[in-house]
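So you can see what is in the structure, the chains are spelled out below.
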Amino acid sequence: MQLVGISALVVVGTLLMVVLWALRRRLLASERALERKEQELAVSRAAEQRLGEELVEARRAEEESRRARAEAEAASRAKSTFLANMSHELRTPLNSILGFAQLMERDLSLGHRHRENLMVICKSGEHLLGLVNDILEMAKIEAGRMTLVDADFDLHAMLSGLSEMFSVEAQKRGLTLAIEREQDVPQHVHGDEGKLRQVLINLLGNALKFTPRGSVTLRAWARRSTGVREGGAHDGAAAARVRVSFEVVDTGRGMVKEEIEELFEAFGQTATGRRSGEGTGLGLHISRRIVRMMGGDMQVESQPGRGTTLRFDVRLTLADAGDARPGGAARARRIVGLSPGQPRYRVLVVDDRWDVRHCVLKLLDSVGVEVRSATNGLGAVAQWETWSPHLVLLDLRMPLLDGYEAATRIKSSPRGRETVVVAMTASAFEQNRSLAAEAGCDDFLSKPFRDADIFNLLTKHLGARFEVEEGPAERRAAGPPAVDLARAAAGLPASLRKDLRRAATRLDAKAVQAAIDRFRPEDAELAGAVAELARGYRFDSILALSSADEEEPS
């Protein structure tokens, strides 16, 4: 019995030991689990802390990005403001230079020598304007401000105008200029005439500049849309679309592959271009950007010593003949006055600059248009109320009351809506055109403008007809008699060509004239043509002629 009691105690003790051991293990397991939980919690807290730091860093980066974006937008606005101001300050005096030069050209009593000097002024002004426009166009591209301004125009007349524009230059350089237009090229189209013309002028100007002898040819052809959609349905809008292709081919020096690859880069120039010392290296870069905006692209093919071909195409749409603006073909004609049987047209010129007002006043008065002026928007509104002009030429930037507000006030009444208001500005941005239209302006005139632009406005909006003196104007534009200067110059003695080349390199007009006098008895026609180049300070052309048979420097 006693043994049984002892055994029971041993069993109970053993069980208690087992239970205690199990409880201890469970406790140790719980402690380890708790430690793991604490570690996980610590890791979680560390992750949470890192997340918080990342959120703070993200907020800081977002704030810096927002601040940088605001600074960039402010810089862009400052750049745009500077560009607009610079454009206005550069183009406004250029408008006066070219405007008064055109007024002087209308003076038939002007002597031959003065007329030659005037041609130099006009040519230099146009060259400076081209440089300014290149820089401004590049800035507009960078700022994303370049836009297309589409309108109906006469494509055939535009091509004829280009032929007239460059024919004198080609004759002076002894080159053959040809404009070849296929029969499928439509006459009346809808698109941005100004920018298309800008591209063609740039390509033709480059071709003439860098072609010492031979020819320059502009070709144009077209491919119309089939106007058929999927399933055979006819698409009228597609049928009205046309893709017009152009190529300018010259027989100049050509380019190597490395030059072609850099041809369209901003500020990039070929070796020939750098030697000429002319231009900014922006013309082809801007031209290709314009062509791409117009739905096409530009390609170049060239071989050293065999010439260059630049080819591009643009998308246009067909237009009605009655809506197309007259092209540049009529600009060479000299307008002498209003045709008989017309009313006495009244034109109000509003500009805060005396030189702009005076130039336009003299021009319009010379052809019989009644004209008055005002110096700001308040004066414009007052003159309109008391004088009732048929047309108002209104500058947009003026003190006291700008052109936008003046146009809004004039157009707010029924009588004002019958008055033609044309906005004038020297600003580079085309957004001014839409702002002027919103203010009620009927048309837009960019400075510098030519006398033909003013007369075209009177014809377009008032139906004015003008008497044109075609004979003298055409004789003035004809330039020197056609002569193959390159071939004639190649026949001169080598020593004489060397002296002529040296004089042209030094820009020494007296030395050039002395060289001319040496071969005048043998070839009076060549001497007269080279003398004409010298009077126009075209030493580059004289240098090209005297170097026509020389090897291209390496």
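Residues numbered from 1 in each chain as written. Predicted model: local features only at pLDDT ≥ 70, side-chain atom pairs only at ≥ 80, totals over all residues. Heavy atoms only, no water.

Undergrad: I'm lost on the overall build of the chain in this one. Help?
TA: Along the chain, the regular secondary structure elements total 20 helices and 14 strands. Burial statistics for the chain: of 554 residues in total, 42% are counted as buried. Put simply, 74% of the contacts in the chain that link residues at least 6 apart link residues at least 24 apart. Carbon and sulfur atoms make up 53% of the accessible area of the chain, which totals about 29,600 Å². (Helix = DSSP H or I, 4+ residues; strand = E, 2+ residues; numbered from the N terminus. Buried < 20%, exposed > 50% of the residue type's maximum accessible area, 1.4 Å probe, protein only. Contact = heavy atoms within 4.5 Å. Areas by Shrake-Rupley, 256 points an atom, 1.4 Å probe, with all protein chains shown as cover.)

Undergrad: Please clarify how the packing of aromatic side chains should be interpreted in this entry.
TA: In the structure shown here, the tally under the stated rule is two aromatic pairs. Here the aromatic rings of F246 and F312 are separated by 5.2 Å at their centres, their planes lie at 25°, and the arrangement is stacked. Of the two residues, F246 sits in strand β5 (residues 241–250) while F312 sits in strand β7 (residues 307–318), which places them 66 residues apart along the sequence. When sorted by exposure, F246 lands in the same class as F312, which is buried. Relative to F466, the ring of F455 lies with its centre 5.2 Å away and its plane at 55°, an arrangement referred to as tilted. Of this pair, F455 sits in helix α14 (residues 451–462) while F466 sits in strand β14 (residues 466–469), placing them eleven residues apart in sequence. We note that F455, like F466, is buried. Over the face of the ring belonging to W384 we find R415, whose NZ or CZ atom lies 4.2 Å from the ring centre. (Phe/Tyr/Trp six-rings, centres within 6.5 Å; stacked < 30°, edge-to-face > 60°. Lys NZ or Arg CZ within 6 Å of the ring centre and 35° of its normal.)

Undergrad: What am I meant to see in the sheet that holds strand β11 (residues 391–395) here?
TA: In sheet architecture, strand pairing relies on hydrogen bonds along the backbone and comes in two forms, parallel and antiparallel. Judged by pairing direction, the sheet is parallel, and its five strands sit side by side in the order β10-β9-β11-β12-β13 without closing on themselves. Each end of this open sheet is capped by a strand with a single partner; those strands are β10 (370–374) and β13 (443–446). Across the sheet, the mean angle from the axis of one strand to that of its neighbour is 20°, orientation sign disregarded. The pairing of strand β12 (residues 420–425) with β13 spans four bridges and is parallel. Paired with A423 across the strands is F444, a residue of β13. Here helix α11 (residues 403–411) sits on the sheet and contacts β11 and β12; the angle it forms with β11, its principal contact strand, is near 155°. (Pairing = 2+ DSSP bridges. Axes fitted to C-alpha atoms, helices over the stretch in contact; angles between N-to-C directions.)

Undergrad: Would you explain the confidence of the model for the chain in this entry?
TA: Detailed conclusions should not be drawn from predicted coordinates in areas where pLDDT is low. Of the residues in the chain, 73% have a pLDDT of 70 or more, and the chain-wide mean is 76. Here residues 228–234 scores under 50 on pLDDT; set against residues more than four positions off or in separate chains, the count is six contacts. Counted against residues more than four places away or in other chains, residues 471–483, with its pLDDT under 50, gives 17 contacts. (pLDDT = per-residue confidence, 0-100.)

Undergrad: Help me understand the packing of helix α3 (residues 155–172) against helix α4 (residues 193–209), please; the structure alone is not making it clear to me.
TA: A pair of packed helices is characterised by two quantities: the angle between their axes and the separation of those axes. With their axes 11 Å apart at the nearest point, α3 and α4 run at an angle of 25° to one another. Classified by the angle between their axes, α3 and α4 sit roughly parallel to one another. Handedness of the crossing formed by α3 with α4: right-handed. Residues L155, M158, L159, L162, M165, F166, E169 and A170 of α3 lie in contact with α4, whose contacting residues are E193, L196, R197, L200, I201, L204, G205 and L208. (Parallel < 35°, antiparallel > 145°, perpendicular 65-115°, else oblique. Left-handed = near helix turned anticlockwise from the far one by under 90°.)

Undergrad: In this structure, what is going on with α3? I would like to understand it.
TA: Note: α-helices contain 3.6 residues per turn, so residues at a spacing of three or four share the same orientation. An ideal rise of 1.5 Å per residue puts 26 Å on 18 residues; α3 measures up with 27 Å between its terminal C-alpha atoms. At F166, α3 is bent by approximately 35°, the largest bend along its length. For α3, the set of buried residues is L155, H156, A157, M158, L159, G161, L162, F166, V168, E169, A170 and K172. N-capping of α3 is provided by D154, with a side-chain oxygen placed 3.1 Å from the backbone N of H156. (Expected span 1.5 Å × (residues − 1). Bend = angle between axes of the 7 residues up to and from the residue. Polar contact = N/O pair within 3.5 Å; in protein donor to acceptor, adjacent residues only side chain to side chain.)

Undergrad: Is there a simple way to explain the environment of R344 in this structure?
TA: Looking at where R344 falls in the secondary structure, it is placed in the loop between β8 (334–338) and β9 (346–350). In this structure, the C-alpha to C-alpha distance between R344 and V371, residues 27 residues apart in sequence, is 10.0 Å. Every residue in contact with R344, bar those within four places of it in the chain, is listed here: G368, E370 and H390.

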